[in-house]
Amino acid sequence: MHRFFLPPEIFRHSSPFLTGAEAHHCLSTLRLPVGEQVIIFDGHGSEAKATISCIKKERMLLSPMSRSFTPRPSIGITLAQAIPKAKNMGRLVQKAVELGVARIAPLISERTVVQMDAVEGQRKQSRWEKIAIRACEQCGQNWLPHILRPSSLEEFLQSVGTEDFLLIASLQEGACRLKDVLTDCLQKRGQPPERVAIFVGPEGDFTPEEVALARSRGCRPVTLGPSVLRSETAAVYCLSVLSYELNPYSS
């Protein structure tokens, strides 16, 4: 059954409707007829089965049949990712959504190849949000992650909470195994942290100065093994391990 995203204010209507890109995808790409059943979700945990009741120009009216709610994951994982080149960030957003990330913070680090001004950053943010919506539709995820506007490492570090558990993937000496750091965290806290942020650098890693800055703000450097992973591979690896080790329902 096809899934479509509706903003919460439209999802809550007694007669919700698809418009814009979602209506175009439903009508012109999928060619779904009146009477077809679909699933709609609001990105905040709510989902509903609905029937296409009427097609008016660029708007498709829906008749909800049943509604349900998916609780927010108990652990909110943030991926703070140095923006990779080409279209790799878009693919990374897609994978992060599939792995249930709560936030994605695109970073412009000292070694990031991709540089952008505020206008380009806003355009990229909008594009990544659309990719996240499509990924939620495809994988059945009802919580749409918050994608932040691109910022520097220092700017993002200023926004994290004092209770957040912070990790930074590092190729430098002294980094501990990710599993060991998580085990130590669980033993000390007695339960998983509510919020975790993993920082992943660009090709060539964060600079020593950036790692030092992150450590001064409470980040613990972690190694991802003997192989030097591509930036996007490292991100998927970290999110997979965090989800498995910290999610009480994964085992």
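Throughout, residues of each chain are indexed from 1 in the direction in which the sequence is written. Only residues with pLDDT of 70 or above have their local features reported here, since the model is predicted, and side-chain atom pairs are shown and tallied only from 80 upward, although totals for entire chains, interfaces and linings are computed over all residues. Side-chain figures throughout are based on the complete set of non-hydrogen atoms in the structure, without hydrogens or water.

Caption draft 1: Layout of the packing of aromatic side chains. Aromatic rings from Phe, Tyr and Trp, taking only the six-membered ring of Trp, are treated as a pair when their centres fall within 6.5 Å; an angle between ring planes under 30 degrees marks them as stacked, one over 60 as edge-to-face, and anything in between as tilted. Across all of its chains, the model carries three aromatic pairs by this definition. Measuring from ring centre to ring centre gives 6.1 Å for F69 and W143, while their planes differ by 80°; the resulting arrangement is edge-to-face. Separated by 74 residues along the polypeptide, F69 in strand β5 (residues 59–69) and W143 in the loop between α4 (118–139) and β8 (146–147) bring together distant segments of the chain. The rule is simple: take the accessible area with a 1.4 Å probe, protein chains only, and divide by the maximum for that residue type; under 20% is buried, over 50% is exposed, in between is partly exposed. On the basis of relative accessible area, W143 is assigned to the buried category, the value being 12%. The criterion is that NZ of a Lys, or CZ of an Arg, lies within 6 Å of the ring centre and within 35 degrees of the ring normal, and then a charge sits over that ring. Positioned over the ring face of F41 is R3, at 4.4 Å from the centre of the ring. Lying across the ring of F17, R59 places its NZ or CZ 4.0 Å from the centre. Numbering of helices and strands runs from the N terminus; a helix is a DSSP stretch of H or I covering at least four residues, while a strand is a stretch of E covering at least two.

Caption draft 2: Quick peek at helix α2 (residues 20–29). Within the sequence span of α2, burial applies to E22, A23 and C26. When α2 is viewed along its axis, its buried side chains cluster within an angular range of 95° and face the same direction. At the exit of α2 stands R31, carrying a positive phi of roughly 55°. Note that the arc is computed from the directions linking the helix axis to the C-beta atoms.

Caption draft 3: Quick peek at the sheet that holds β5. For two strands to be treated as a pair, DSSP must find at least two bridges joining them. Taken together, the five strands give an open sheet; going across it, the order is β1-β3-β4-β5-β2, and neighbouring strands pair in mixed fashion. The open sheet has two edge strands with one neighbour each: β1 (3–5) and β2 (17–18). One ladder, built from 10 bridges, connects strand β4 (residues 46–56) with β5; its direction is antiparallel. Among the inter-strand pairings, S46 is bridged to a residue of β5, identified as F69. Running over the sheet, α4 touches β1 and β3 (37–41) and is turned about 150° from β1. Contacts are assigned to residue pairs with any non-hydrogen atoms lying within 4.5 Å of each other. Axis definition: a line fitted to C-alpha atoms, limited for helices to the stretch in contact. Angles are taken between N-to-C directions and run from 0 to 180 degrees.

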